[in-house]
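The lines below spell out each chain.
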Amino acid sequence: MAAAAAAEIDPDSLHGFPWDGFELEDIELPDGDDMGIPSDDDDDVEDDIQTESGFGRVIVVDNLPSVGPEKQEKLTNVIRKIFGQIGTVVDGGLHMPVDSATGMTRGFAFIEFSSPQEAAAAREHTHGYKLDKSHTFSVNMFDDFDKYDKVPDAYVQPETKEYQPTENLQEWMMDKQGRDQFAIRYQDQTEVCWNDARRAAPEDVYKRAFWTESFVQWSPRGNMLATVHRQGVAVWGGPGFQRLNKFGHSGVRLIDFSPAEKYLVTYSAQEPTNQRDSVTVTLHIQDVRSGRKLRTFTGTADEFAMGPGGQLQWPVFKWDGSGNDKYFARMGKNCLSVYEAPEMGLLDKKSLRLECLQDFAWSPAAPIIAAFQSEQPGGNLPARITLIKIPERTELRQKNLFTVANIKMFWHPQGDYLAVQVDRFTKTKKSTYTSFELFRLKERDIPMEVMELPNKSEKIVAFAWEPKGDRFVIVHGDGARPDVSFYTMKDGAKHVVKPLQTLNSKPCNALFWSPQGKNIVLAGLKALHGQLEFFNVDEMETMATGEHFMATDVDWDPTGRYIATSVTHVHQMENGFNMWSFNGKLVYKVLREQFFQFGWRPRHSSLLSREKEREIAKNLKKYSKRYDEEDEALMNEADQEVVDKRRALMAEWRAFQEAKKPWVEGFTARRKEILGPLYEMGEYSVTTV
């Protein structure tokens, strides 16, 4: 009904719309818009991109009550209130056509928002909204009517496209030398390289100028590389880094993959036209494989800024750690909203009510949420940590906390333990002290114990769990050279916390465990100018020390064999990265002006059990014999490459000599003819000249 009536409406009666001089059929959009990326397939069907023509901001709301003049103002106010909660309706942007013969409204309305994103969100949230028992909203974008009008009356069978096989997205995992890849970004260049430590140099895999306008990001399992652009995001994969898909989202600033790479969350923030209004935040959740937009969330920045101090925390949506991309959640005011994929709807159609919720974190291994609630005003209820199992919403464990100033939560990488750092006020509330609440998730009833440092008033600089192990390390102290203490969660057969060793006065403010455990880098970044100590925790000994002056980042490769330290463009000098072995040997250096980003390509999780991995590590010499032979063959091959290169250079030089020989002979004869006796005396030989 609304589609037919739209053609009959007098444009002059719709205030706030740029109708003058426009014919919808005459509007031409630019061809070939591809987010600034040259198309790899000219036959690709481009997605519709929202335009700023004015029509992209307009929705049509059908199935409204048909009312007379006496009720039209009331109905207008109701509609404005409903849609004003979603976005800003421009002045004169709400119009309900009226039948001139009867004076009754015609049952639909046009609404113009301040942005296409708000219009899209309004359609998403209000389509199917029940105004009363007899009226359920049917909401469409105004631009859609032209699209529907072009649908032919007779059904036409779509042409079946021939299957085109794609490249193997895991081919890089089958490298015979077992090397890892990394991506770097500097100036206008983006490169993907092998870390060829045996030849002490990176080996180029793929290189491209202007590949991104802001940053690149690997997917969690390394199958894809995402590039971010003004118009949206593109993902690439395979040996030749072909474009796999693209996702339109104008003004995108941040992106986040789900752990199993099924979904992509994109984020943008639009400044308001009126300075008194809030920034509008838009998040899209999109299917990575199909590129289909599954759900859009939009609202003011205040609605999403639920972090400490009213700051927006990224990611806004956190995914559960079970690895199947089933659940994701975000904080709201006094509630936690858990959503279920692939429907992207609210779990059980209601949020978890958690008064004074301040933070939450999923277990990396199971759909279990650790939630922190601060003390309620008036002191009626203390602060507390609660462990909640999803989807059952079962409370597994709760611990009340008193006089809390601040907390931080640290999940063990395999989900075996949860450490909660609790900063508490003293009785005078003029200072704080720290303790750690340690939960054992793998044990019956999830036992918990409290651990305090000998000097509990010391500042906690850093905390980190050992991957694939039971140890953790704390950096604590108030000066520039704090102490570093190691602990274990097991004392032989006893499951109790035991201190192992404390290293005194270390220039360290950041901790970086090897992904395989055992080894750790104690790093002094920022004000400590890039001090590095490579430490073996099994033997409790320093393997090496080093320095990468002004280093800003430290990154282990996925296998725990190599570490990259980098100096990014926040510093103007010595930009680039250094590659180190796990035991602190500098393998090679790469300098790049305006160096922005370094990122290892993640690997798929191991198919071996933890017990099998421990058995291999224990009998490493038996397994490594074959690889030692391969390493020696590679070294000989590298030596042979050097010899072959030198021989090629010598052959090239001799060929050059032979090519120039006729010229030299002719030149010599001519000089002999000109100089005569002087030439015979040897004073003007070719050699002396």
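Procedures and definitions
Residues numbered from 1 in each chain as written. Predicted model: local features only at pLDDT ≥ 70, side-chain atom pairs only at ≥ 80, totals over all residues. Heavy atoms only, no water. Helix = DSSP H or I, 4+ residues; strand = E, 2+ residues; numbered from the N terminus. Buried < 20%, exposed > 50% of the residue type's maximum accessible area, 1.4 Å probe, protein only. Contact = heavy atoms within 4.5 Å. Areas by Shrake-Rupley, 256 points an atom, 1.4 Å probe, with all protein chains shown as cover. Core = buried A, V, L, I, M, F, W, Y, C linked by side-chain atoms within 4.5 Å. Pairing = 2+ DSSP bridges. Axes fitted to C-alpha atoms, helices over the stretch in contact; angles between N-to-C directions. Phe/Tyr/Trp six-rings, centres within 6.5 Å; stacked < 30°, edge-to-face > 60°. Expected span 1.5 Å × (residues − 1). Arc of directions from axis to C-beta. pLDDT = per-residue confidence, 0-100.

1. Quick word on the overall build of the protein chain
At step 1: A count of helical and extended segments in the protein chain gives eight helices and 43 strands.
At step 2: Looking at the 689 residues of the protein chain, the share that counts as buried comes to 43%.
At step 3: When contacts within the protein chain are restricted to residue pairs at least 6 apart in sequence, long-range pairs at least 24 apart make up 46% of them.
At step 4: Of the roughly 38100 Å² of accessible surface on the protein chain, a fraction of 50% belongs to carbon and sulfur atoms.

2. Topic: the nonpolar core
At step 1: By size, the foremost hydrophobic cluster in this structure holds 21 residues, and its most contacted members are Ile59, Val61, Ile79, Phe83, Ile111 and Phe113.
At step 2: The element that contributes the greatest number of residues to this core is helix 2 (residues 69–84), accounting for four residues.
At step 3: Apart from residues lying up to four places away in sequence, phenylalanine 83 is in contact with Ile59, Val61, Ile111, Phe113, Ala122, Thr126 and Phe137.

3. A word on the sheet that holds strand 8 (residues 189–196)
At step 1: Ordered in space as 9-8-7-43, the four strands form an open sheet in which the pairing is antiparallel. One side of each edge strand has no neighbouring strand; the edge strands of this open sheet are strand 9 (201–209) and strand 43 (595–600). The average angle at which neighbouring strand axes cross in this sheet is 20°, direction not considered.
At step 2: Pairing geometry for strand 7 (residues 181–186) and strand 8, over six bridges, is antiparallel. Following the sheet pairing, isoleucine 184 is matched in strand 8 by glutamate 191.

4. Quick look at the packing of aromatic side chains
At step 1: This model, assessed by the stated rule, comprises 36 aromatic pairs.
At step 2: Here phenylalanine 463 and phenylalanine 472 contribute two aromatic rings whose centre-to-centre distance is 5.4 Å and whose plane-to-plane angle is 25°, an arrangement assigned as stacked.
At step 3: A residue is classified by how much of its surface remains accessible, and phenylalanine 463, at 9% relative accessible area, is buried.
At step 4: Owing to a relative accessible area of 1%, phenylalanine 472 belongs among the buried residues under this scheme.
At step 5: Between the aromatic rings of tryptophan 653 and phenylalanine 656, the centroid separation amounts to 5.7 Å while the plane-to-plane angle is 25°, which identifies the pairing as stacked.

5. Notes on unusual backbone geometry
Leaving glycine out, the prevailing phi sign among residues is negative, and the prevailing peptide bond configuration is trans.
At step 1: Cis rather than trans, the peptide bond between tryptophan 314 and proline 315 has omega equal to 5°.
At step 2: Positionally, proline 315 belongs in the loop between helix 5 (301–304) and strand 18 (318–319).
At step 3: The omega angle of the peptide bond from alanine 341 to proline 342 is 5°, so this bond is cis rather than trans.
At step 4: Position of proline 342 among the secondary structure elements: in the loop between strand 20 (335–340) and strand 21 (345–346).
At step 5: The phi angle at glutamate 574 is positive, at roughly 55°, despite the residue not being glycine.
At step 6: As for its placement among the helices and strands, glutamate 574 is situated in the loop between strand 40 (562–567) and strand 41 (576–581).

6. Notes on helix 2
At step 1: Compared with the 22 Å implied by 1.5 Å per residue over 16 residues, the 23 Å span of helix 2 between its first and last C-alpha is a close match.
At step 2: Among the residues of helix 2, Gln72, Leu75, Ile79, Ile82 and Phe83 are the ones counted as buried. On an axial view of helix 2, the arc spanned by its buried residues comes to 95°, and they lie on one face. Exposed and facing more than 90 degrees away from the buried side of helix 2 are Glu70, Glu73, Lys74 and Lys81.
At step 3: Elements in contact with the buried residues of helix 2: strand 1 (58–62), strand 2 (89–95), strand 3 (108–113), helix 3 (116–126) and strand 4 (130–132).

7. With respect to the confidence of the model for the protein chain
At step 1: With 90% of its residues at a pLDDT of at least 70, the protein chain reaches an overall mean of 86.
At step 2: Contacts of residues 685–689 to residues separated by more than four positions or lying in other chains number six contacts, the stretch itself having pLDDT below 50.

8. A word on the sheet that holds strand 17 (residues 293–300)
At step 1: On the basis of which strands lie adjacent, the open sheet formed by four strands has the order 14-15-16-17 and antiparallel pairing. Both outer strands of the open sheet, strand 14 (252–257) and strand 17, are each paired with one neighbouring strand and no more. Across the sheet, the mean angle from the axis of one strand to that of its neighbour is 15°, orientation sign disregarded.
At step 2: Where strand 14 and strand 15 (residues 263–270) come together, five bridges link them in antiparallel fashion. Its bridge partner being in strand 15, leucine 254 is matched across the sheet by tyrosine 267.
At step 3: The sheet contacts of helix 3 involve strand 15, strand 16 (280–287) and strand 17, and relative to strand 17 the element is tilted by about 115°.

9. Looking at the side chain of threonine 126
At step 1: Examined against the element boundaries, threonine 126 turns out to sit in helix 3.
At step 2: What makes threonine 126 buried here is its relative accessible area of 3%.

10. Quick look at the environment of threonine 300
At step 1: Relative to the helices and strands, threonine 300 resides in strand 17.
At step 2: Separated by 31 residues in sequence, threonine 300 and alanine 269 have C-alpha atoms that sit 9.0 Å apart.

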